[in-house]
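Residues per chain, in single letters:
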Amino acid sequence: DVLDHNGLAPELVKIKQYSNGVISTDPLVKRFRGAYIVSDVAREIVIPIVNRSLSGGRIASVAKHSLQHEDWVVNLSVYDGDFRNELFGFGMNKKALETLDIYDDTELPLLPGMSSFDYSFRSFHSKKLTSDIVPTMENYSWESTLNAGRDVTLTWDNSYFGDNDKQLVLENASDVHVVDMRYITQIKLREGAHTLKFHYGDIDYIKEQLIEKESRVGNVYPNPVKKSEGVISVALSLPEGKNEVALELKNSLGVSMTSLQSAAYNGGRQTIRWQTNMDQLSQGVYLLRVSIRDSNGVSKNSYQRIILE
């Protein structure tokens, strides 16, 4: 009723609201509650009083299309403790533009303490896109950033992806982890900054996107590390060929405390599990140096801050 009265096409306007710990695009606004819409101009919204039954005022839900359809969207939800935000997503539409348009979503102003994370795909004119819909094409990759103030969970629904050859994978560049979104419906993200890439297309395109041109070092886990267990795992993404990898633990003064001898690893995503005796070490902050020398003789050192307890 509100959209009709103000001449706002319901298929082009998303009513966004916060209720019971959930931010969503539920089009039904409950009594004594409000909602947001995004507008680039000053606009007065009139709330009409209409004598109509509740069922007559509902807005039809948006159909979900498979990944081979010309119009499809994957909606993402972020769970932050008891709080959930459903206003994230990506997809394609034959009428969409590469730039900001009516199919995209921009960030919603949140009250202090409502969320401990910041999520966005791209920015246009100081507006961050929380949902990025691009023109329909065979292959495409989205890149987004998530800054989490504490551990969060990212979820999605894959039940409508369909029986087709289109692939959709999520690459967490922060810990060099790759997830097939057709078979997995959630990932847990630790506190901190994350770069998330969503690759869509045929299998050859996906393989090309995931081939590493240079070495990358992901997160160290667990962190903090328990002295009694003395186990450190490091996620790596290595270029093709043989790569020499060595680990060294240094204290805050840069003094080497223990090390793992260099060993050869093939290209691709690897996880090195290092178990060493840490009984002689004191609790505190240490630096883990990861040294990588690739098949072309290029050397790279990466430092990870870890806590020993």
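Residues numbered from 1 in each chain as written. Predicted model: local features only at pLDDT ≥ 70, side-chain atom pairs only at ≥ 80, totals over all residues. Heavy atoms only, no water.

**Thoughts on the overall build of the chain**
Secondary structure summary: the chain contains two helices and 19 strands in total. Summarising its shape, the C-alpha atoms of the chain cover approximately 75 × 45 × 35 Å along the three principal directions. Pairs at least 24 residues apart make up 67% of the contacts formed inside the chain by residues separated by at least 6 positions. When the 34 positive and 40 negative side-chain charges of the chain are each reduced to one mean point, those points stand 4 Å apart. (Helix = DSSP H or I, 4+ residues; strand = E, 2+ residues; numbered from the N terminus. Contact = heavy atoms within 4.5 Å. Lys, Arg positive; Asp, Glu negative; His and termini not counted. Charge placed at Lys NZ, Arg CZ, Asp CG, Glu CD.)

**Structural notes on the packing of aromatic side chains**
Under the criterion given, the structure shown has twelve aromatic pairs. Pairing Trp72 with Tyr200 gives two aromatic rings, centres 4.7 Å apart and planes at 40°, and the pair type is tilted. Of this pair, Trp72 sits in strand S3 (residues 72-80) while Tyr200 sits in strand S14 (residues 192-201), placing them 128 residues apart in sequence. In this structure Trp72 comes out as buried when scored by relative accessible area, which is 1%. For the pair Phe121 and Phe198, a centre-to-centre distance of 6.2 Å together with 40° between the ring planes defines the contact as tilted. Remark: Phe198 occurs in strand S14 and Phe121 occurs in the loop between strand S6 (117-120) and strand S7 (123-124); sequence separation between them is 77 residues. Like Phe121, the residue Phe198 is buried in the burial classification. (Phe/Tyr/Trp six-rings, centres within 6.5 Å; stacked < 30°, edge-to-face > 60°. Buried < 20%, exposed > 50% of the residue type's maximum accessible area, 1.4 Å probe, protein only.)

**Observations regarding the pattern of salt bridges**
For the structure on display, the rule yields eleven salt bridges. Arg289 is the salt-bridge partner of Glu248, the closest N and O atoms lying 2.9 Å from each other. Here Glu248, found in strand S16 (residues 231-250), pairs with Arg289, found in strand S18 (residues 284-293); they are 41 residues apart in sequence, far enough to count as distant. Under the relative-accessibility criterion, Arg289 is labelled partly exposed at 24%. Each member of the salt-bridge network shares a partner with another, and the members are Glu248, Lys250 and Arg289. (Salt bridge = Lys/Arg side-chain N within 4 Å of Asp/Glu carboxyl O.)

**A short note on unusual backbone geometry**
Residue Asn223 is joined to Pro224 through a cis peptide bond whose omega torsion reads 15°. If you trace the backbone, Pro224 turns up in the loop between strand S15 (216-221) and S16.

**Observations concerning a nonpolar patch on the surface**
Taken together, the side chains of Ile37, Ile45 and Ile47 define a hydrophobic patch exposed on the protein surface, amounting to about 250 Å² of accessible area. Residue position: Ile37 is located in the loop between strand S2 (22-24) and S3. (Patch = residues over 30% accessible without salt bridge, like charges linked within 9 Å, V, L, I, M, F, W, Y side chains within 5 Å. Areas by Shrake-Rupley, 256 points an atom, 1.4 Å probe, with all protein chains shown as cover.)

**As for the side chain of Lys16**
Tracing the backbone through its elements, the reader meets Lys16 in the loop between helix H1 (2-5) and strand S1 (17-19). Polar side-chain contacts of Lys16 include one of 3.1 Å to the side chain of Asp105. Of note is the side chain of Lys16, whose polar atom sits 3.4 Å from the backbone oxygen of Thr106. Excluding its chain neighbours within four sequence positions, the residues that come into contact with Lys16 are Ser24, Thr25, Ala35, Tyr36, Val38, Leu87, Asp105, Thr106 and Leu108. (Polar contact = N/O pair within 3.5 Å; in protein donor to acceptor, adjacent residues only side chain to side chain.)

Everything listed is a geometric property; what it means functionally is a separate question.
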